[in-house]
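Here is what each chain is made of, one letter per residue.
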Amino acid sequence: MPAARRRWSLTRYFAFVSVLAMAALGVALVWVASGVMKQQAVRDGTASASSVMAYATAVLPAEAFTEGQLTDAQTEAVRDATAPFGDRVVDLRLWSSSGVLVYSKSGAETGFPDPARNNAVLSSGTPDARVIVDVRQGDDSSQPAVERQVLDVYVPVRASDTHGRSAVVDGGASAPAPSDVIGTAEVMLDHTASAEALRHAVGRVTLVVAGGLVALWLLLFRTVVTTSRRLQTTALDNARLALLDSLTGLPNRRLLTERMRRTVEDAHRDGGRLGMVLLDIDRFKDINDSLGHDHGDELLEQVAHRLRGALRDEDVVARLGGDEFAILLTDVRSVDDAERLARRVRELFVPPFRLGEMELHVETSVGVACLPDHAQDASSLMRTADVAMYAAKHRRTGVAVYSPQEDHSSPERLVLLGDLHRALEPSDPADETPSELELHYQPKIDLTTGGVVGHEALIRWRRPEGLLLPGEFILLAEQSGLIHEVTRFALGAAVEQLARWRAQGRDLPVAVNLSAHDLTDTTVLDVIERLLDQHDVPARLLEVEITETALVADPQRIVPVLQRLADLGVRVAIDDFGTGNTSIAQLRDLPVAQLKIDRVFVADLGDGGRAGADVVVQAMVDLAHSFGLTVVAEGVEDEATARTLRDLGVDQGQGFVWSRAVPADEVPHPDAPVAGVPAARPRASRRGQARASRG
């Protein structure tokens, strides 16, 4: 395959084109100047020829041209009249209007004029001049003929140019008018000197034009070379700025992306592993706002200097923008090695940064991802490292390795979100109930009597690969805004089931979990009221549960909604109690009827649990009972824990020790015996004592 032609540089292209243009211009200028000078020489010669004609014809009568002959005296007079012109006049011939030779300086007695030229001059009355080569034999016949350039001019002879005109010529014809052309004078002037002078003049003009054009070309060439160099410098600067960060001098995102593309291709070909470390400076905006952008830029320059000096030559350090930096690890053995390097990078920020007279301590959040462990291409490697960095920032761990569980925008989650959209659409247009979502029910057990006192409705998503638990899609629903549709389904299915059970004589409440997003406005109240009225279910049979963390996140908006639910007759329970920051004052004023201890505290009561866990649970029970609240323990998985909870005064229990969450058609009748903890001797609960003392 032939090599591609290399494009000419701007300077080389200009030199080639401009030389051709200047040469063409010079030739044109010399040609025009030469033509003008030749024309001027001919005009001057024509004027000289007219003077010769005037001297020659001034001594002749007009009849000489009509008769076509001269007397000897007239011939001698013409010779004397033209003698002053000397050798410049090579020959002088006078022709009559009929073309008869009247006079010849050379002594010729006969001859013929150039008929075309002679007739043209006779008819137009204007001279006709041409440069020709005249060949004449010298005086000595033995000498060779002499060639020379002559200006051969045909000049019209008018009657006014002659002397001694008569009024009537022979034959009785009237004399010609003064302006009438009665003949021609052919004057041959020696043009040798003029031609030589013209040649020298053209040579001088050529030199002047050539010198001027060369000077002009050199000036233009210098200008073009200077401009070309400036353009090249500017182009190089622009290319550098396009690939490097102007502040730190590090590669920018564009150069990093190109380097990543090539490195990823090499890794796929050689089976290597790449690491991507993303970091940004914590609270950098506060630094900019408080110290000014100048100090912020200085901090970024120092960060770049530390990063550049601490890493291997083959690693690429880049600034992505703002306070975000990227480190491409071109060869790492494992994810653990990449994490260790990321922690070493974070240690670079331990020494303070000196900004002017001030020392500033800076912290950073670092995310780590590897290829092929977490991504398969450059784009996804950058994205997964970004997810890990924000996970580190959110959890305040400093360094985080990519985890799919924390990736809320992974392709898998996007597919799951699309499936959830379809799952919420009813398969039967006549039935608005989604076909893939269903409720399972787990019983709540009275720890004193051992009887079933209610159920909690737990949502399940039936997919081809199996049942999905709420933890696998509820967060996605909250983030995407689908949580309201999920809640409407759960409330609708629970109330419908309550109506069916009530028709069968089962009069036990069902608890439904609500998201904090559902309680930020009163829409959920309208849904609950409509469902209860539609299915004729008493409000006391419906309970709602909200987590403690959701409750304390936005109490100003959530508490009024809970109060209206309580006024409606719907019982409200605080779920996962102990994981939030609810104060005693808040707990006292909340419109809740039930408190559910988080399973973490319940698990600590079993074998191998934390010492003093029973004291913590006892404190929760006493606090709840002092406010007249029912206490429910979640996650009870063995009989020993159930007995401990009963002894600590917990009112109800819920967990695998009694039953897993099962579909509605598998829920046993409330009167059926429940496996688990045997009923204890009835005793007055602390909650009852608190109510009695308050009543």
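Just so it is clear, the model here is predicted, and its values are computed rather than measured.

A. Looking closely at the overall build of the chain. Secondary structure summary: the chain contains 21 helices and 22 strands in total. Going through the 695 residues of the chain one by one, you find that 42% of them count as buried. Taking the intrachain contacts of the chain between residues at least 6 apart in sequence as the baseline, contacts between residues at least 24 apart amount to 68%. Total accessible area on the chain stands at roughly 36,800 Å², and carbon and sulfur atoms take up 53% of it.

B. Quick look at unusual backbone geometry. A cis amide bond links Leu371 to the next residue, Pro372, at an omega of 15°. The backbone phi angle of Asp536 is positive, close to 55°, even though this residue is not glycine. Here Asp536 shows up in the loop between helix H14 (523-535) and strand S17 (542-547). A relative accessible area of 59% means that Asp536 is categorised as exposed. Notably, Asp576 is not glycine yet its phi reads approximately 55°, a positive angle. The topology assignment puts Asp576 in strand S18 (residues 571-577). By relative accessible area, Asp576 is classed as partly exposed at 23%.

C. Spatial organisation of helix H10 (residues 378-395). Between the first and last C-alpha of H10 there are 26 Å, a value that for 18 residues agrees with the 26 Å anticipated at 1.5 Å per step. Looking at H10, one finds that the buried residues are Ala378, Ser380, Leu381, Met382, Thr384, Ala385, Val387, Ala388, Met389, Ala391 and Ala392. The secondary structure elements touched by the buried residues of H10 are helix H6 (253-270), strand S6 (274-281), strand S7 (316-321), strand S8 (324-329), strand S11 (364-371) and strand S12 (399-401). Its side-chain oxygen at 3.3 Å from the backbone nitrogen of Ser379, Asp377 defines the N-terminal cap of H10. Once H10 ends, the next one or two residues include Arg396, with phi positive near 55°.

D. Region of the structure containing H6. Here H6 contains 18 residues, and its C-alpha end-to-end distance of 25 Å stays within 8% of the 26 Å for a straight helix at 1.5 Å per residue. Every buried residue belonging to H6 is among Leu256, Met260, Thr263, Val264 and Ala267, and all of these are buried. Mapping the buried residues of H6 onto a view down its axis gives an arc of 110°, with all of them on the same face. Turned more than 90 degrees away from the buried face of H6, the exposed residues are Arg254 and Arg269.

E. Expanded view of a negative patch on the surface. Taken together, the side chains of Asp521, Asp526, Glu529, Asp533 and Asp536 present a region of like negative charge at the surface. Take Glu529: it is sitting in helix H14.

F. Spatial organisation of the sheet that holds strand S1 (residues 89-96). A sheet is described by the order of its strands in space; here five strands give the open sequence S2-S1-S5-S4-S3, paired in antiparallel fashion. Single-partner strands in this sheet number two, and they are strand S2 (101-104) and strand S3 (128-136). For this sheet, the mean angle separating the axes of adjacent strands, direction not counted, is 25°. Pairing of S3 with strand S4 (residues 146-158), which is carried by nine bridges, proceeds in the antiparallel orientation. Residue pairing for S4: Ala129 is matched across the bridge by Val153.

G. Region of interest: the confidence of the model for the chain. Taken as a whole, the chain shows an average pLDDT of 84; of its residues, 89% reach a score of 70 or greater. At the low end of the mean pLDDT range in the chain sits helix H21 (residues 686-694), at 40; at the high end sits strand S16 (residues 510-513), at 94. Note that residues 678-695 has pLDDT below 50 and, in this model, 27 contacts with residues that lie over four places away or in other chains.

H. Quick peek at the side chain of Gln618. Following the sequence through the fold, Gln618 ends up in helix H19 (residues 613-626). Exposure remark for Gln618: the relative accessible area of 18% places this residue in the buried category. Looking at Gln618, its side chain comes within polar contact range of the main-chain oxygen of Leu648, at 3.2 Å.

I. Molecular detail of the sheet that holds S6. Read from one edge of the open sheet, five strands run S7-S8-S6-S11-S12, paired in mixed fashion. At either end of the open sheet lies a strand with only one pairing partner, and these are S7 and S12. Put simply, the sheet's adjacent strands are angled 20° from each other on average, direction ignored. Relative to S8, S7 is paired through five bridges, and the arrangement is antiparallel. By the bridge assignment for S8, Val316 is matched with Leu328.

J. Representation of the packing of aromatic side chains within the structure. For the coordinates displayed, the defined rule picks out six aromatic pairs. Measuring from ring centre to ring centre gives 6.3 Å for Phe14 and Phe221, while their planes differ by 25°; the resulting arrangement is stacked. Placement of the pair is Phe14 in helix H1 (residues 10-57) and Phe221 in helix H5 (residues 192-243), with a sequence separation of 207 residues. Its relative accessible area of 23% is what places Phe221 among the partly exposed residues. Here the aromatic rings of Phe349 and Phe353 are separated by 5.9 Å at their centres, their planes lie at 55°, and the arrangement is tilted. Here Phe349 falls in the buried class, since its relative accessible area comes to 5%. Three or more aromatic residues link up through ring pairs in this structure, and these residues are Phe14, Trp217 and Phe221. Above the face of the Phe353 ring, Arg306 is positioned so that its terminal group lies 3.6 Å from the ring centre. Taking the ring centre of Trp461 as reference, the NZ or CZ of Arg463 above it sits at 4.7 Å.

K. Up close: a nonpolar patch on the surface. Together, Trp8, Tyr13, Phe16, Val17 and Leu20 give the surface a local cluster of nonpolar side chains, amounting to about 520 Å² of exposed area. Mapped onto the elements, Trp8 comes out in the segment before H1.

L. How the structure looks around the pairing of S17. With five of six residues buried, S17 lies mostly within the body of the structure. Here S16 pairs with S17 via four bridges, running parallel. By the bridge assignment for S17, Val512 is matched with Val544. Taken together, the five bridges between S17 and S18 define a ladder with parallel strand orientation. Residue pairing across strands places Thr547 opposite Asp575, the latter belonging to S18.

Rules used throughout
- Residues numbered from 1 in each chain as written.
- Predicted model: local features only at pLDDT ≥ 70, side-chain atom pairs only at ≥ 80, totals over all residues.
- Heavy atoms only, no water.
- Helix = DSSP H or I, 4+ residues; strand = E, 2+ residues; numbered from the N terminus.
- Buried < 20%, exposed > 50% of the residue type's maximum accessible area, 1.4 Å probe, protein only.
- Contact = heavy atoms within 4.5 Å.
- Areas by Shrake-Rupley, 256 points an atom, 1.4 Å probe, with all protein chains shown as cover.
- Expected span 1.5 Å × (residues − 1).
- Polar contact = N/O pair within 3.5 Å; in protein donor to acceptor, adjacent residues only side chain to side chain.
- Arc of directions from axis to C-beta.
- Patch = residues over 30% accessible without salt bridge, like charges linked within 9 Å, V, L, I, M, F, W, Y side chains within 5 Å.
- Salt bridge = Lys/Arg side-chain N within 4 Å of Asp/Glu carboxyl O.
- Lys, Arg positive; Asp, Glu negative; His and termini not counted.
- Charge placed at Lys NZ, Arg CZ, Asp CG, Glu CD.
- Pairing = 2+ DSSP bridges.
- Axes fitted to C-alpha atoms, helices over the stretch in contact; angles between N-to-C directions.
- pLDDT = per-residue confidence, 0-100.
- Phe/Tyr/Trp six-rings, centres within 6.5 Å; stacked < 30°, edge-to-face > 60°.
- Lys NZ or Arg CZ within 6 Å of the ring centre and 35° of its normal.

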